[in-house]
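Examining the three-dimensional arrangement
Chain by chain, the residues run as shown.
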Amino acid sequence: MSLIETKGLQKVFRQAVKDPGLAGAVKHLFTQRYRDKYAVEGIDLKIEEGETVAYVGPNGAGKSTTIKMLSGVLVPSGGEIIVDGRVPYKQRMENAQRIGAVFGQRTQLWWDIPVRESLSLLRDIYQVPTDRFKKNLDVFTELLGMDSFLHLSARKLSLGQRMRADLAAALLHDPKIVYLDEPTIGLDVAVKHRIRDFIKEMNRSKGTTMLLTTHDLGDIEDLCERLVIIDQGRIIYDGKLQEVKDEFARERTIHMQLSSPIPDAEELFRGLPEIQVKRSGDSLEASSDTDLSIRFDRFRCTASDIVKRVMSRGEVVDFRIDEPSIEEIIRRVYDGKLDSAALSAAGKGSA
Ligand SMILES: Nc1ncnc2c1ncn2[C@@H]1O[C@H](COP(=O)(O)OP(=O)(O)OP(=O)(O)O)[C@@H](O)[C@H]1O
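For the chain, the name recorded in an unreviewed UniProt entry is Sugar ABC transporter ATP-binding protein, with Paenibacillus vini as its organism.

Turning our attention to the sheet that holds strand 2 (residues 34-47). Spatially, 2-1-4 is the arrangement adopted by the three strands of the open sheet, whose pairing is antiparallel. In this open sheet, the two edge strands, each paired with only one partner strand, are strand 2 and strand 4 (78-83). Here the average twist between neighbouring strands, direction ignored, is 30°.

This part takes up the site of the ligand. Neighbouring the ligand are the residues Phe13, Gln15, Lys37, Ala39, Gly57, Asn59, Gly60, Ala61, Gly62, Lys63, Ser64 and Thr65. Secondary structure elements with two or more residues in the shell around the ligand: strand 1 (4-16), strand 2 and helix 2 (63-70). Element by element, the count of residues in the shell around the ligand is highest for helix 2, at three residues. Residues belonging to the shell around the ligand are distributed by class as follows: three nonpolar, seven polar and two charged.

Here seven bridges tie strand 10 (residues 251-258) to strand 12 (residues 291-297), and the two strands are oriented antiparallel to one another. Paired with Arg252 across the two strands is Phe296, which belongs to strand 12. Pairing geometry for strand 10 and strand 13 (residues 316-322), over six bridges, is antiparallel. Within the sheet, the bridge partner assigned to Met256 lies in strand 13 and is Phe319.

Under the local residue numbering, the UniProt record ascribes the feature "domain: ABC transporter" (unreviewed entry) to residues 17-257. For residues 17-257, helix accounts for 41% and strand for 25%, while the C-alpha atoms at its two ends are 60 Å apart.

With that out of the way, let us pick up unusual backbone geometry. Of note, the phi angle at Asp174 is positive, near 50°, even though the residue is not glycine. In this structure, Asp174 sits in the loop between helix 6 (159-171) and strand 6 (177-181). Of note in the backbone geometry, Asp264 takes a positive phi value of approximately 50° without being a glycine. Tracing the sequence through the fold places Asp264 in the loop between strand 10 and helix 10 (265-268). Residue Asp264 is classed as exposed on the basis of its 8 C-beta neighbours within 10 Å.

Definitions and limits used
- Residues numbered from 1 in each chain as written.
- Predicted model: local features only at pLDDT ≥ 70, side-chain atom pairs only at ≥ 80, totals over all residues.
- Pairing = 2+ DSSP bridges.
- Helix = DSSP H or I, 4+ residues; strand = E, 2+ residues; numbered from the N terminus.
- Axes fitted to C-alpha atoms, helices over the stretch in contact; angles between N-to-C directions.
- Near = placed C-beta within 6 Å.
- Nonpolar A, V, L, I, M, F, W, Y, C, P; charged D, E, K, R; others polar.
- UniProt positions renumbered as here; feature names shortened; annotations may be inferred.
- Buried ≥ 20, exposed ≤ 12 C-beta atoms within 10 Å, placed from the backbone.

Okay, structure coming up:
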């Protein structure tokens, strides 16, 4: 059995249906109408020990609802859910010992007491042996750079300090699994990197399994090998990050700097399929008349075909090749430009 396993997992919320305005609110008092909202609609997910999985999707896709069910906060409306051999909503205490959770928008620290005291309270709640607590606190303080604010109360922390303290709080009892819901939201680049490095280090040194939801696709590229994309409560892609890139990032762009302009460069590529030539003035990609950018489908022709043709007419001083980022690919998924049938054929999606 996998460390985390869900089968046909569902969560339905009853949402009030109100007409707009004050009249609508008054009418609702007398004639209440509700509709069922399927926040999560039949999710099958298996996560093995030691994996770092990105769980992404557009706003309202059902990510937080899934994490709340995995952590035992919400009771599913249907389906099965097992986390490290336990049913989270039935065995909440046992489950809590095995998991850590960081919600970027909320804190689990006590607002008015110093961070150091909050961490000591968590040590008592989780019954962490003193020597392990001390060791973890030393390591986390070093890795997260917490020395300068351990004496401050959560109320006085900046967002970046608060997130670091929250991460330490979530990992203090050495949980097997950590759920990270938007752990880098609103943070500057330096703190983001520090947090990502910390997550990587915990995964490497302790084998902690991480399930991460984020809208920051840099988090995904930096931390996760596996990508699960959810939309409208259903998984539409589940597979390796590299596979989704290979499958859907077909185009490449070669940017070349020439020693002198080549007139009618388009003629050079006659006969090659799906080539787009960008020159100075066409786009930001080519900023002077000796710059030439060629977009091509890497399954239909090769970079060397293109460079060879350019070199037959001129001298190439420098060049580089760009590929679409995972950000671009996921944006296409969200915009509906990659259909879910193709995605599920590429991975193990259940759409
Ligand atoms: N307590 C609730 N009562 C009613 N509807 C809810 C409740 N919680 C969530 N929903 C609805 O369920 C759907 C999924 O919400 P959820 O918070 O899981 O999405 P999400 O993928 O985490 O979104 P985001 O990226 O914006 O955080 C949304 O349509 C939301 O309005």
